Amino acid sequence: MLSEAFLQSLRTLRLNPPRRRVGSLTGERRSVKRGRSVEFADYRNYTPGDDPRRVDWNIYARLERPYIKLFEDEEDLTTHILLDDSPSMFWQPDEEADGQPLAQKWLCAAQLAVVLGYVALASGDKIVLETSSSQRFGPKRGVAAAAALIAFVERVSATAKRDLRAAPTGRRSPLNAWLKRYALDARPGLCIVISDMLDEDGYAEGFNALGNRRLDVNLLHTLSADELDPQFAGDLRLKDVETANLQDMSLDDAVLGQYRRRLTAWSEEIAAHVRRRGGRYHLTDTSLPLERIVLKDLRRAEWLV
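Just so it is clear, the model here is predicted, and its values are computed rather than measured.

1. Describing the overall build of the protein chain
Stage number 1. Counting its regular elements, the protein chain contains 10 helices and 11 strands.
Stage number 2. The buried share of the protein chain, taken over its 305 residues, is 46%.
Stage number 3. Counting only contacts in the protein chain whose residues sit at least 6 apart along the sequence, the fraction spanning at least 24 positions is 73%.
Stage number 4. Per element, the accessible surface of the protein chain, about 15600 Å² overall, is 49% carbon and sulfur.

2. As for the packing of aromatic side chains
Stage number 1. Per the stated rule, a full pass over the model turns up four aromatic pairs.
Stage number 2. Consider the rings of F137 and F152, whose centres lie 5.7 Å apart with planes at 40°: the pair is tilted. Of this pair, F137 sits in strand 6 (residues 136-141) while F152 sits in helix 5 (residues 146-166), placing them 15 residues apart in sequence. Note on accessibility: F137 and F152 belong to one class, buried.
Stage number 3. Both rings, one in Y203 and one in F207, keep their centres 5.9 Å apart while their planes meet at 85°; by these two values the pair is edge-to-face. Take Y203 and F207: they sit in the same class, and that class is buried.

3. Concerning helix 10 (residues 290-300)
Stage number 1. Buried within helix 10 are the following residues: L290, I293, V294, D297 and L298. Relative to the axis of helix 10, the buried residues are bounded by an arc of 125° and lie together on one face.
Stage number 2. As for helix 10, its buried residues are in contact with helix 1 (4-9), helix 4 (104-122), strand 8 (215-223) and strand 11 (281-285).

4. Focus: the packing of helix 6 (residues 175-183) against helix 7 (residues 204-212)
Helices that pack against each other are described as a pair by the angle of their axes relative to one another and the distance between those axes.
Stage number 1. Put simply, helix 6 and helix 7 touch, their axes get as near as 7 Å, and they point 15° apart. Put simply, helix 6 runs roughly parallel to helix 7. The handedness of the crossing between helix 6 and helix 7 comes out as left-handed. Taken together, the residues of helix 7 that come into contact with helix 6 (itself represented by N176, L179, K180, Y182 and A183) are A204, E205, G206, F207, A209 and L210.
Stage number 2. Here the residues of the contact of helix 6 with helix 7 sort into seven nonpolar, two polar and two charged.

5. Let's talk about the environment of L149
Stage number 1. Note on placement: L149 falls in helix 5.
Stage number 2. When its relative accessible area of 1% is taken as the criterion, L149 is described as buried.
Stage number 3. In this structure the C-alpha to C-alpha distance between L149 and L129, which are 20 residues apart in sequence, comes to 8.6 Å.
Stage number 4. Residues within four places of L149 in sequence aside, it is in contact with V114, G117, Y118, L121, I127, L129 and F137.

6. Thoughts on the nonpolar core
Stage number 1. In this structure, L10, L116, L129 and I194 are the most contacted members of the largest nonpolar core, which totals 47 residues.
Stage number 2. Among all residues touching L129, those that are not within four sequence positions of it are I81, L83, A113, Q135, R136, F137, L149, F152 and V153.
Stage number 3. Within the second largest apolar cluster, 22 residues are counted, among which are V128, L175, F207 and V274.

7. With respect to the packing of helix 4 against helix 10
Stage number 1. Interhelical geometry of helix 4 versus helix 10 gives an angle of 50° and a closest axis separation of 10 Å. In terms of orientation, helix 4 lies oblique with respect to helix 10. You can see that helix 4 and helix 10 cross each other, and the crossing is right-handed. Mapping the contact onto sequence places C108, Q111, L112, V115 and L116 in helix 4 and L290, I293, V294 and L298 in helix 10.

8. With respect to helix 6
Stage number 1. Within the sequence span of helix 6, burial applies to L175, N176, W178, L179, Y182 and A183. Projected down its long axis, helix 6 carries its buried residues within an arc of 165°, all on one side.
Stage number 2. Contacts made by the buried residues of helix 6 are with strand 4 (78-83), strand 5 (126-131), strand 6, strand 7 (189-195) and helix 7.

9. What about the confidence of the model for the protein chain?
Stage number 1. Residues with a pLDDT of 70 or more make up 85% of the protein chain, whose mean pLDDT is 85.
Stage number 2. Within the protein chain, strand 1 (residues 26-34) has the poorest average pLDDT of any element, 53, and strand 11 the best, 96.

10. Side note on the environment of W106
Stage number 1. Along the chain, the position of W106 falls in helix 4.
Stage number 2. Separated by 21 residues in the primary sequence, W106 and D85 place their C-alpha atoms 7.8 Å from one another.
Stage number 3. Sequence-distant contacts of W106, defined by excluding residues within four places in its chain, comprise L83, D84, D85, M89, F90, V156 and S157.

11. Considering the pairing of strand 6
Stage number 1. Sheet analysis places strand 5 next to strand 6, joined by four bridges and oriented antiparallel. The residue bridging E130 from the neighbouring strand is R136, located in strand 6.
Stage number 2. Hairpin connection from strand 5 to strand 6: four residues lie between these consecutive antiparallel strands, with S134 at a positive phi of about 70°.

Reading the values: the criteria
Residues numbered from 1 in each chain as written. Predicted model: local features only at pLDDT ≥ 70, side-chain atom pairs only at ≥ 80, totals over all residues. Heavy atoms only, no water. Helix = DSSP H or I, 4+ residues; strand = E, 2+ residues; numbered from the N terminus. Buried < 20%, exposed > 50% of the residue type's maximum accessible area, 1.4 Å probe, protein only. Contact = heavy atoms within 4.5 Å. Areas by Shrake-Rupley, 256 points an atom, 1.4 Å probe, with all protein chains shown as cover. Phe/Tyr/Trp six-rings, centres within 6.5 Å; stacked < 30°, edge-to-face > 60°. Arc of directions from axis to C-beta. Axes fitted to C-alpha atoms, helices over the stretch in contact; angles between N-to-C directions. Parallel < 35°, antiparallel > 145°, perpendicular 65-115°, else oblique. Left-handed = near helix turned anticlockwise from the far one by under 90°. Nonpolar A, V, L, I, M, F, W, Y, C, P; charged D, E, K, R; others polar. Core = buried A, V, L, I, M, F, W, Y, C linked by side-chain atoms within 4.5 Å. pLDDT = per-residue confidence, 0-100. Pairing = 2+ DSSP bridges.

What follows is the structure in structure tokens.
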């Protein structure tokens, strides 16, 4: 799924959560708590019962008042990766479907899930990956789990391809219901949702549920090039791959212009909702090379440092 050389280029990167959260184990990230690392954080007044070895005697010699040195604590980060594997994530134009094992849109989303999971594992964080069809990997910690992560995503891809061939709309899982269910037992941490957000029932309730569980929700909004800038024209019958509903349409420049304006307004509305809750939003054209998305776009947007 990913080359060894590309994985090696990820070893120096870390996920950059918008806020520091309290972890469950000692790790490699700064905590909101004071603790035992070697990095100085602050002073506070000495109080009876404090360990005298923590008094800064240089400060005492100058001010004749005892102060305790405080240091940053370091904890792990739980990263939740929620990968949408509903039918629309596997859509591709008919002319591209012949001979292609997987839709480019899904392949890009699946690779991004692996990349972000690998970066988390390599930097000592704990990850959980769940798909909208309720398949779950983790919690796992440590880079030794990377091979199992890749194998899990490959199994999800194979299962989805088989299920969609048997029942094209059978895998539909409403976005709100999935996110609300996941939030019920999720620990605080960083949550990365990878989805095209194409759900007629919306997304707000699900994102609010995640935020209420003290998850910092980042959204990778994945759309194909044909969804971002369709090149179709003429009289067409469109089929909703989520519901199998049909819609006859006449597409000309005016209709396509209206579509692009509504798409822009829709993506800006989603981005504003995510950012109001303190998260990050990134619209991803899944036809772009993976290396460009990860090493250039996500680094520039400070998802990775």
